[in-house]
Structure formats: structure tokens, C-alpha cells
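For reference, the chains in residue letters:
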Amino acid sequence: MTQKHYLDLLLPLQPQMQLVAERLLGGSMEAEDAVQEVFLNLWQRRSDLERATNPGGYAMQMLKNHCVSQLRKRRPTVDIDTLAEMPDEDIAHEAQLIEERAARLDSMMAQLPEPQRRAVEMKYLEEASHQEMQRRLGMSSANVYTTLSRAMANLKRMI
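No experiment lies behind these values; they were computed from the predicted model shown.

What counts as what
Residues numbered from 1 in each chain as written. Predicted model: local features only at pLDDT ≥ 70, side-chain atom pairs only at ≥ 80, totals over all residues. Heavy atoms only, no water. Axes fitted to C-alpha atoms, helices over the stretch in contact; angles between N-to-C directions. Helix = DSSP H or I, 4+ residues; strand = E, 2+ residues; numbered from the N terminus. Parallel < 35°, antiparallel > 145°, perpendicular 65-115°, else oblique. Left-handed = near helix turned anticlockwise from the far one by under 90°. Contact = heavy atoms within 4.5 Å. Nonpolar A, V, L, I, M, F, W, Y, C, P; charged D, E, K, R; others polar. Salt bridge = Lys/Arg side-chain N within 4 Å of Asp/Glu carboxyl O. Buried < 20%, exposed > 50% of the residue type's maximum accessible area, 1.4 Å probe, protein only. Expected span 1.5 Å × (residues − 1). Arc of directions from axis to C-beta.

Caption draft 1: Local environment of the packing of helix H2 (residues 14-25) against helix H5 (residues 55-74). It is at 10 Å that the axes of H2 and H5 come closest, and there the two elements cross at 25°. When the axes of H2 and H5 are compared, the pair comes out roughly parallel. Classified by chirality, the crossing of H5 by H2 is right-handed. Between H2 and H5, the residues in contact are Gln16, Met17, Val20, Ala21, Leu24 and Leu25 and Ala59, Met60, Leu63, Lys64, Cys67, Gln70, Leu71 and Arg74, respectively. The residue inventory of the contact of H2 with H5, partitioned by class, reads 10 nonpolar, 2 polar and 2 charged.

Put into C-alpha cells, the structure is as follows:
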């Protein structure tokens, strides 16, 4: 694969990849870094890219995998052996913290305007598809997206 063919094939995907990375990682600087790393990996694996039936899908999946890896690096994990050795009081305390967080989230959800609350519940609790949300909320695709974005922004502000 030549450099020109590579650029012609993947450069038009860059804005879309940037948006996906921003949604997954939360920050534009991290998203830019992720997209650049994926473009570099794609260049290094250009022979695999030539064989791919859908190079755009291949690139997007590579980006999603990279973002998930970055998110996993952020979160501290507890080894299962360590968890087994934890005293029951610590486990009970963890459970209490989870219950408190759930109660706080419930109170914040109650403060959202009705359409935003319903949209968040459908998306994250019921795992409804975008088309199902459009139908049940009686909104266009753009309105569903906007409602969800505003709801998430309101929740972030409340947190």
C-alpha cells in the first residue's frame, strides 16, 4: 500500500475517529493522541489493512480497542486474590459505598427534566436502541442525541 493510497483511504475518517475517541475518552487531547497512535499502528499494519474488506471499520475497531485499553489503564483494579483476603468489614464498607452512590445517582436523576431522565433510563438502564428511543420518545435522531448529551452534561454538573 502506498502512502497516497493510505492517506486517500483513511484521512477522510479522521474527524469521525476524533469524535469517537472524544466520546470514549472524555478529553480532546487524549482523543487526538489516541487517533494519532491508531493511524501510526494502521500504517505499520498496512498489509493487514489491504486485506480488510472494510478498512474504515477495521480502523474504527482498532480505535475503539485502543480507547478501551487506555480506559483500563486509568482505573485501578483489585486482584481477585487480594479481594478474597479482604476482611468482611471492608467488603461491607464497599457495598455501603456502592449503595450510597446509587442513592445519589437516583436523586440526581430525579432532578433531570422528564425527557432527559427518560432518555438516560432508556439508553443506560433498558439498553434501548437509538431507533427504539426515537420511537418511544417521539423525537428525531438529532433530538435524541441532543437530549442525551444535555442529560449527561447536567449529571456531570451535579456530580
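Caption draft 2: Region of the structure containing the pattern of salt bridges. As enumerated under the stated definition, the model contains 6 salt bridges in all. For Asp8, the salt bridge goes to Lys4, with nearest N and O atoms at 3.0 Å. Taken as a pair, Asp8 and Lys4 lie in helix H1 (residues 3-10) at a separation of 4 residues, close to a single helical turn. You can call Asp8 partly exposed: its relative accessible area is 48%. The salt bridge involving Glu126 is made with Arg136; its shortest N-O contact spans 2.8 Å. With Glu126 in the loop between helix H8 (114-125) and helix H9 (130-137) and Arg136 in helix H9, this residue pair connects regions lying 10 residues apart in the sequence.

Caption draft 3: Quick look at H5. Between its terminal C-alpha atoms H5 stretches 29 Å, which fits the 28 Å expected from 20 residues at 1.5 Å a residue. Turning to H5, its buried residues number three or more, namely Pro55, Gly56, Ala59, Met60, Met62, Leu63, His66 and Cys67. Taken end-on, H5 shows its buried residues confined to a sector of 160°, consistent with a single buried face.

Caption draft 4: Just unusual backbone geometry, in detail. In this structure, Glu127 is a non-glycine residue whose phi angle is positive, near 55°. Assignment of secondary structure puts Glu127 in the loop between H8 and H9. With a relative accessible area of 67%, Glu127 lands in the exposed category.

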